[in-house]
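Here is how the chains run, residue by residue.
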Amino acid sequence: MRALHVITGLGVGGAEQQLRLLLRHLPVECDVVTLTNPGPVAAGLRADGVRVAHLGMRGNRDLTAVSRLARLIRRGSYDLVHTHLYRACVYGRLAARLAGVRARVATEHSLGRAEIEGRPLTAGTRALYLASERLGSATVAVSPTVAGRLRDWGVPAGRVHLVPNGIDAHRFRFRAERRRATRTRLGLPDGAFVAGGVGRLVPGKRFDLLVRAVAALPGVRLVLAGDGPERAALTALAARLGAGDRITLLGELADGGPGPDVPDLLGAVDVFVSPSREESFGLAVLEALAAGLPVLYRACPAIEDLPAAFAPHAVRVGDDAASLTAALRASEGGPRRPPPPAVDRYDIRRSSRDLMDVYTHVLAGARPTERAH
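Residues numbered from 1 in each chain as written. Predicted model: local features only at pLDDT ≥ 70, side-chain atom pairs only at ≥ 80, totals over all residues. Heavy atoms only, no water.

Caption draft 1: Fine view of the overall build of the protein chain. Of regular secondary structure, the protein chain possesses 15 helices and 15 strands. For 373 residues, the compact-globule estimate of 2.2 N^0.38 gives 21 Å, and the C-alpha radius of gyration of the protein chain, at 21 Å, lies within 12% of that figure. Across the 373 residues of the protein chain, 56% fall into the buried class. Within the protein chain, contacts between residues at least 6 apart in sequence are counted, and of these 69% link residues at least 24 apart. (Helix = DSSP H or I, 4+ residues; strand = E, 2+ residues; numbered from the N terminus. Rg over C-alpha atoms; globule rule 2.2 N^0.38 Å. Buried < 20%, exposed > 50% of the residue type's maximum accessible area, 1.4 Å probe, protein only. Contact = heavy atoms within 4.5 Å.)

Caption draft 2: Structural context of the pairing of strand 8 (residues 138-141). Residues Ala138 and Val140 point to one face of strand 8 and Thr139 and Ala141 to the other, with burial holding for every one of them. Note that strand 5 (residues 103-108) and strand 8 share four bridges and pair parallel. Bridge assignment links Glu108 to a residue of strand 8, and that residue is Ala141. Where strand 8 and strand 9 (residues 160-162) come together, three bridges link them in parallel fashion. (Pairing = 2+ DSSP bridges.)

Caption draft 3: Geometry of the pattern of salt bridges. Applying the stated criterion to the full structure yields 18 salt bridges. The salt bridge involving Asp31 is made with Arg51; its shortest N-O contact spans 3.1 Å. In this pair, Asp31 sits in strand 2 (residues 29-34) while Arg51 sits in strand 3 (residues 51-54), placing the two residues 20 residues apart along the sequence. Taking the shortest distance from any N to any O, the salt bridge between Arg206 and Asp319 comes out at 3.1 Å. Within this pair, whereas Arg206 is found in the loop between strand 10 (193-198) and helix 8 (207-215), its partner Asp319 is found in the loop between strand 15 (314-316) and helix 13 (321-330), the two being separated by 113 residues in sequence. When its relative accessible area of 13% is taken as the criterion, Arg206 is described as buried. What makes Asp319 partly exposed here is its relative accessible area of 36%. A single salt-bridge network, built from bridges that share partners, covers Arg2, Glu29, Asp31 and Arg51. (Salt bridge = Lys/Arg side-chain N within 4 Å of Asp/Glu carboxyl O.)

Caption draft 4: Representation of the sheet that holds strand 5 within the structure. The parallel open sheet is built from seven strands, whose spatial order is 3-2-1-4-5-8-9. Lying at the two open borders of the sheet, with one neighbouring strand each, are strand 3 and strand 9. This sheet shows a mean twist of 25° between the axes of neighbouring strands, independent of strand direction. Across the face of the sheet, helix 4 (residues 86-98) comes into contact with strand 1 (2-7), strand 4 (80-84), strand 5 and strand 8 while running at roughly 165° to strand 4. (Axes fitted to C-alpha atoms, helices over the stretch in contact; angles between N-to-C directions.)

Caption draft 5: View of the side chain of Glu16. Summarising the element assignment, Glu16 is placed in helix 1 (residues 14-23). No salt bridge is formed by the buried Glu16; the nearest opposite charge belongs to Arg200, separated by 7.5 Å. (Lys, Arg positive; Asp, Glu negative; His and termini not counted.)

Caption draft 6: Layout of the environment of Ala322. With respect to the helices and strands, the residue Ala322 is situated in helix 13. Judged by relative accessible area, Ala322 falls into the exposed class, the value being 55%.

Caption draft 7: Representation of helix 3 (residues 64-76) in the model. Its 13 residues place the ends of helix 3 19 Å apart at the C-alpha level, agreeing with the 18 Å of an ideal helix rising 1.5 Å per residue. Taken together, the buried positions of helix 3 are occupied by Ala65, Val66, Leu69, Ala70, Leu72, Ile73 and Gly76. The buried residues of helix 3 occupy an angular sector of 160° when the element is viewed end-on, so they sit on one face. If you follow the buried residues of helix 3, they end up packed against strand 1, strand 2, strand 3, strand 4 and helix 4. (Expected span 1.5 Å × (residues − 1). Arc of directions from axis to C-beta.)

Caption draft 8: Geometry of the sheet that holds strand 11 (residues 220-225). An order of 12-11-10-13-14-15 is seen for the six strands of this open sheet, with the pairing classed as parallel. Here the strands that pair on one side only, and so sit at the sheet edges, are strand 12 (247-251) and strand 15. Strand-to-strand twist in this sheet, taken as the mean axis angle between neighbours without regard to direction, amounts to 20°.

Caption draft 9: Summary view of the packing of helix 1 against helix 15 (residues 348-364). Remark: helix 1 packs on helix 15, axes separated minimally by 9 Å, with the N-to-C direction vectors making an angle of 80°. Classed by the angle they form, the pair helix 1 and helix 15 counts as roughly perpendicular. For the pair formed by helix 1 and helix 15, the contact residues are Gln18, Leu21 and Leu22 on the first element and Ile348, Ser351, Ser352 and Leu355 on the second. Its residues assigned to classes, the contact of helix 1 with helix 15 comprises four nonpolar, three polar and no charged. (Parallel < 35°, antiparallel > 145°, perpendicular 65-115°, else oblique. Nonpolar A, V, L, I, M, F, W, Y, C, P; charged D, E, K, R; others polar.)

Caption draft 10: Broad picture of helix 11 (residues 283-290). Across the eight residues that make up helix 11, a large majority, seven, are buried. Every buried residue belonging to helix 11 is among Leu283, Val285, Leu286, Glu287, Ala288, Leu289 and Ala290, and all of these are buried. The positive-phi residue at the C-terminal boundary of helix 11 is Gly292, with phi of around 80°.

Shape is all these values report; function is a separate question.
Below, the structure written as structure tokens:
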């Protein structure tokens with residue numbers, strides 16, 4: 001089987017890094033095409049031996065991208081086209097249909113109640129999504145929460161398949177020597193209590209609440225990994241609150257880069273905080289649990305879709321800075337916790353097996369065997 005994965009961009013993000021991780025475990029010959037931004041994840045994929053093409057799409061109204069993508073698909077003689085993220089799903093499904101590929105799969109990574117990929121959901125966005133969804137063979141939801149949202153939108157239940165995101169827990173295993181080295185590199189004193197966060201710096205992630213909460217606790221530091229349009233505003237907010245010397249914005253962290261990576265960061269901090277208004281899955285929370293950290297979160301379907309015993313050290317917090325401040329004040333440091341059962345439940349190898357079931361289904365025209373999640 002030969003498959004082509006089409007994605008909107010390959011900057012550092014959850015969907016992009018999930019694609020790279022999946023391709024390491026899928027027993028399928030896969031190529032990747034990115035519509036825009038062949039960023040750090042593109043370099044990582046190439047280092048893994050995956051062929052990556054850049055379509056050079058020039059914005060949402062670049063309709064020539066459809067014909068160019070269709071020609072690329074025809075030349076590759078692919079058995080299946082798998083699209084990721086909104087723009088790639090809209091354009092990629094149509095191009096695959098024009099190219100005559102009968103197996104067309106799309107993964108919905110970032111569908112919220114009122115947002116998609118951090119942007120407000122409009123009636124037009126929804127209508128275009130549903131129109132293009134009909135051109136596909138199957139739509140993959142990364143959590144039961146997303147599967148429910150798709151069905152509520154009107155996507156037929158028989159076309160929605162649950163393949164939860166996965167992680168490679170071994171990468172995040174706590175190592176004391178890595179903690180010491182990363183703290184030294186970041187200038188964090190040995191005894192400092194440090195909160196950590198990871199994500200795109202966009203309004204929906206609500207990192208302004210985290211900055212305010214840390215600023216209200218003089219003994220707490222914050223290290224935040226990620227980049228985006230809110231970076232300057234968050235830096236200014238920290239300075240205005242008199243906490244600029246305790247709050248560090250690291251920018252994007254990529255595997256193999258000159259600075260620390262996400263496992264390094266998670267090893268160096270004492271509590272992980274995810275104040276995001278809504279999520280489709282919550283990969284960063286799961287990675288923090290794999291690192292043995294206590295977690296404070298506002299929304300995380302990966303945890304909420306499981307019994308509470310699967311993540312006993314994950315605590316849901318209120319939707320305001322005061323609630324987050326109180327939760328941080330109550331947080332304790334100390335030794336790392338063993339990774340909870342939720343970590344094993346979302347193993348990337350299981351995700352790859354489930355995705356192969358979907359591929360088999362769309363290629364054979366038969367419903368895949370249901371897996372218990």
